[in-house]
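A structural walkthrough
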Amino acid sequence: MSTDENTEHVAAQLNALDGAPGTMANSTHSPERFVAYFSMEIALENQIPTYSGGLGVLAGDTIRAAADIRLPMVAVSLLYRKGYFRQHLSEEGAQTEEAVEWSVEKHLQEEAPRVSVTLEGRKVELRAWRYTVKGVRGYEVPVYFLDADLPSNDQRDRDLTGQLYGGDPYYRLSQEVILGIGGVRMLRALGHTELMRYHMNEGHAALLTLELLGEEASLAGRDSVKGEDIEKVRAKCVFTTHTPVPAGHDKFPVEYMTRLFPAQNRFFDVKDASSADLVRSVLQVEQNYPDLAEAAKRGASVNMTYLALSLSNYVNGVAKLHGEVSRKMFPNVPIEAITNGVHAATWASPSFKELFDRMIPSWREDNYSLRGALGLPPEEVWAAHLLAKHDLLETVRKKTGLKLDPDAFTIGFARRATGYKRADLILSDLDRLRQIAKNAGPFQIVYAGKAHPRDGGGKDIIKKIFKAKKALKKAITIVFLDDYDLNLGGKLTAGGDLWLNTPQYPLEASGTSGMKAALNGVPSLSILDGWWVEGNIEGVTGWSIGEAHRGDPGPETPVDNAYDAESLYSKLEGVILPLYYSSRERYLDIMRHAIAINGSFFNTQRMVQQYITDAYLR
């Protein structure tokens, strides 16, 4: 099938979603799926800890939106029996971690098929556990979690689906083999034979392209891959990159690949010009190697991002600015941008859901109708906000024993604890903070966020926040809530009076926490990076820290923490706190604009529709 025929076939299948009675639109449980969505982590429920943060939360929201609009999608991830980790913090803010225990059988349904991948000559058997996401109209999208913890496997292989982002690089590569290669094989075993698009959410799933190439070569009666196979696979694949710095992209020694797949030394026909070009691109070398064994001897590395880039018909960044950053990193690849969103019905707090259901009844089916929030009575918006704020402060009391002031201006900050997120930027000058609270009005800060177990710098930032908390004492109350998860994230984004985000430009690929806040009428104060470049209308939807950057964005952009901190302090003292305490009606106007402008657009319903038109029908 040619690329044009392929696209026409997908278009016909997707158009069937709005067809006559008896077509897929009315077949809620139709097994036919045409888009396969692969992600290393997917966040679906608090009790299913198969996620670490933003990437997994975005994946879960994407699947929910696909179900809402009846997109015939199936999703694939790994089952992590030990989860990511449970976070504990000492009185000084020292983080320790423990494995998460959860009942797989209680939340997921085991599927009958078994498939296998071969690692180092060992057969590793896999099973799948299904979670069904039901959309607002009843349409269902299945999510399959791959599990290697079977009695037939060696213990080392059983542990491969043990922990998310655990182990050494070889362990990580083995997990990616299970996700990409095992994932395609499982989909085949489950009867998903009509798939026409494979969407890789970040480079962890890039090895699925090798399985698809092997399938094409086998259909042609060959053992090695040629250019015609590459073109067929490229026409099927979509790749979303989330990482704005070269060091963040998965890269593994070719020697790891030859250890894992000793029988696949001549998988690519390097006498074929297209295959040779692909190998050079993925290995990022200029010369041809006769086989993978020689490449391994020469110390070459496999770059998963380049593998996905080279074999995808459509590539996108996750915000307009991130698209620019990505095109600078990969100048020879056409990279588009589809800005992330959040699932509106998931992240609106109970009080705002009730308000929207009553005043904007179509909002769940049509998120864009939230533009009608400009007509919401201000007193109703304020009442809904106070209920969400009470819920957050009650959570703080239960977790810490501390009673925060419900009348005090409350700032929320919850991100992964790592250097470039700069959670400590607001704490740069504690004397200045004391003066702001004295002159402009009292405020309190609620933090949350996990540091990766091996991120010493991130752990030090948490300690710094705890140290500032003690130094500020009663002048400004700071709390840090441990074990950040979906449930806590929802309470934080809905319950503050202001959402703070201070990434180092241009390292925020997109960010979605501020989008969740906006759905609940909480304006942002943020660096003009990621999605906020698009979402900020100064003094209308929120406020910026610093000025918009000019010129080509790049990781080498100089950091000026002092300038950013001063801008933050000036906005807080001179604009935001006076508005909140002295012009509540104006503040409520900004809250309604946050919902109407940002909540109605920065959602996964719009995002998935854009993927359909820009990527899946390409």
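For the structure, see preceding data.
Right, let's walk through the structure included here.

What counts as what
Residues numbered from 1 in each chain as written. Predicted model: local features only at pLDDT ≥ 70, side-chain atom pairs only at ≥ 80, totals over all residues. Heavy atoms only, no water. Salt bridge = Lys/Arg side-chain N within 4 Å of Asp/Glu carboxyl O. Helix = DSSP H or I, 4+ residues; strand = E, 2+ residues; numbered from the N terminus. Buried < 20%, exposed > 50% of the residue type's maximum accessible area, 1.4 Å probe, protein only. 1 Å grid on protein atoms, 1.4 Å probe; cavity = no way out; pocket = protein on both sides within 12 Å on 5 of 7 lines; lining within 4 Å. Points joined across faces, edges and corners; volume = space filled by probe spheres on them. Nonpolar A, V, L, I, M, F, W, Y, C, P; charged D, E, K, R; others polar. Core = buried A, V, L, I, M, F, W, Y, C linked by side-chain atoms within 4.5 Å. Pairing = 2+ DSSP bridges. Axes fitted to C-alpha atoms, helices over the stretch in contact; angles between N-to-C directions. Contact = heavy atoms within 4.5 Å. Parallel < 35°, antiparallel > 145°, perpendicular 65-115°, else oblique. Left-handed = near helix turned anticlockwise from the far one by under 90°. Arc of directions from axis to C-beta. Polar contact = N/O pair within 3.5 Å; in protein donor to acceptor, adjacent residues only side chain to side chain. Phe/Tyr/Trp six-rings, centres within 6.5 Å; stacked < 30°, edge-to-face > 60°. Lys NZ or Arg CZ within 6 Å of the ring centre and 35° of its normal.

**Things to note about the pattern of salt bridges**
This structure, assessed with the given rule, holds 46 salt bridges. Between Asp147 and Arg81 there is a salt bridge; the shortest N-O distance is 2.8 Å. Here Arg81 lies in the loop between strand 2 (73-78) and strand 3 (86-89) and Asp147 lies in strand 8 (residues 140-147), a separation of 66 residues in the sequence. The partner of Asp147 in a salt bridge is Arg127, with the nearest N and O atoms 2.9 Å apart. Of the two residues, Asp147 is situated in strand 8 and Arg127 in strand 7 (residues 122-134); the sequence distance between them amounts to 20 residues. Taken individually, Asp147 and Arg127 each receive the classification buried, so the pair is uniform in this respect.

**A closer look at the layout of surface pockets**
Considered as a void within the structure, the second largest pocket measures approximately 700 Å³ in volume. Ile181, Leu210, Phe261, Gln264 and Phe267 are the residues nearest the centre of the second largest pocket, which is lined by 33 residues in total. For the lining of the second largest pocket, the secondary structure elements donating two or more residues are strand 6 (115-119), helix 5 (169-189), helix 6 (208-219), helix 8 (254-260), helix 9 (273-283) and helix 10 (292-297). The biggest single contributor to the lining of the second largest pocket is helix 6, with 6 residues. Per-class residue counts for the lining of the second largest pocket are 21 nonpolar, 7 polar and 5 charged.

**Structural notes on the nonpolar core**
Among the nonpolar cores identified, the biggest contains 76 residues, and Phe38, Leu207, Leu208, Leu213 and Leu283 are the most heavily contacted of them. Looking at which element gives the most residues to this core, the answer is helix 5, with 10 residues. The next biggest cluster of nonpolar side chains, apart from the first, holds 75 residues, and it includes Val342, Tyr447, Phe466 and Ile576.

**Side note on the sheet that holds strand 19 (residues 524-527)**
Spatially, 17-16-15-18-19-20 is the arrangement adopted by the 6 strands of the open sheet, whose pairing is parallel. Two strands close off the open sheet at either side, each with one partner strand: strand 17 (477-481) and strand 20 (542-545). Going from strand to strand, the sheet's axes swing by 20 degrees on average, the running direction of each strand aside. Where strand 15 (residues 409-414) and strand 18 (residues 498-501) come together, 2 bridges link them in parallel fashion. The partner of Gly412 across the bridge, within strand 18, is Trp499. Of the strands in this sheet, strand 15, strand 16 (443-448), strand 18, strand 19 and strand 20 are in contact with helix 21 (residues 561-582), which crosses strand 20 at around 160 degrees.

**Section: the packing of helix 16 (residues 430-440) against helix 17 (residues 456-472)**
Remark: helix 16 packs on helix 17, axes separated minimally by 11 Å, with the N-to-C direction vectors making an angle of 50 degrees. As summarised for this structure, helix 16 and helix 17 are arranged oblique, according to the angle between their axes. At the point where helix 16 passes helix 17, the crossing takes the right-handed sense. Residues Leu430, Leu433 and Arg434 of helix 16 lie in contact with helix 17, whose contacting residues are Ala468, Ala471 and Leu472. Residues of the contact of helix 16 with helix 17, tallied by class, amount to 5 nonpolar, no polar and 1 charged.

**A word on helix 9**
For helix 9, the full list of buried residues reads Ser275, Ala276, Leu278, Val279, Val282 and Leu283. One face of helix 9 carries all of its buried residues, which in axial projection span an arc of 160 degrees. Buried residues along helix 9 sit against helix 6, helix 7 (227-234), helix 8, helix 10, strand 12 (301-303) and helix 11 (304-310). Taking the backbone nitrogen of Ser274 as reference, a side-chain oxygen 3.1 Å away marks Asp272 as the first, capping residue of helix 9. Looking one or two residues beyond helix 9, the residue adopting positive phi is Gln284, at roughly 55 degrees.

**Examining the packing of aromatic side chains**
The description of an aromatic ring pair uses the distance of the two centres, along with the angle that the planes make with each other. Overall, the coordinates contain 20 aromatic pairs when judged by the stated rule. Relative to Tyr587, the ring of Phe409 has its centre 6.3 Å away and its plane inclined at 85 degrees; by these criteria the two rings are edge-to-face. In this pair, Phe409 sits in strand 15 while Tyr587 sits in helix 22 (residues 584-599), placing the two residues 178 residues apart along the sequence. Just as Phe409 is buried, Tyr587 falls in that class too. Measuring from centroid to centroid gives 4.9 Å for Phe601 and Phe602, while their planes differ by 85 degrees, and the two rings are edge-to-face. In this structure Phe602 comes out as buried when scored by relative accessible area, which is 4%. These aromatic residues form a ring-pair network of at least three members: Trp382, Phe409, Trp543, Tyr580, Tyr581 and Tyr587. Positioned above the aromatic ring of Tyr170, the side-chain terminus of Arg259 is 3.9 Å from the ring centre. Geometry around Phe85 places Lys450 over its ring, the cationic atom sitting 4.9 Å from the centre.

**Thoughts on unusual backbone geometry**
The step from Tyr505 to Pro506 runs through a cis peptide bond, and the omega angle for that step is 0 degrees. Here the phi dihedral of Arg70 falls at roughly 60 degrees; this positive angle occurs in a residue that is not glycine. Checked against the element boundaries, Arg70 lands in the loop between helix 2 (54-68) and strand 2. Look at Glu202: it is not a glycine, yet its phi comes out positive at around 80 degrees. Looking at where Glu202 falls in the secondary structure, it is placed in the loop between strand 9 (197-201) and helix 6.

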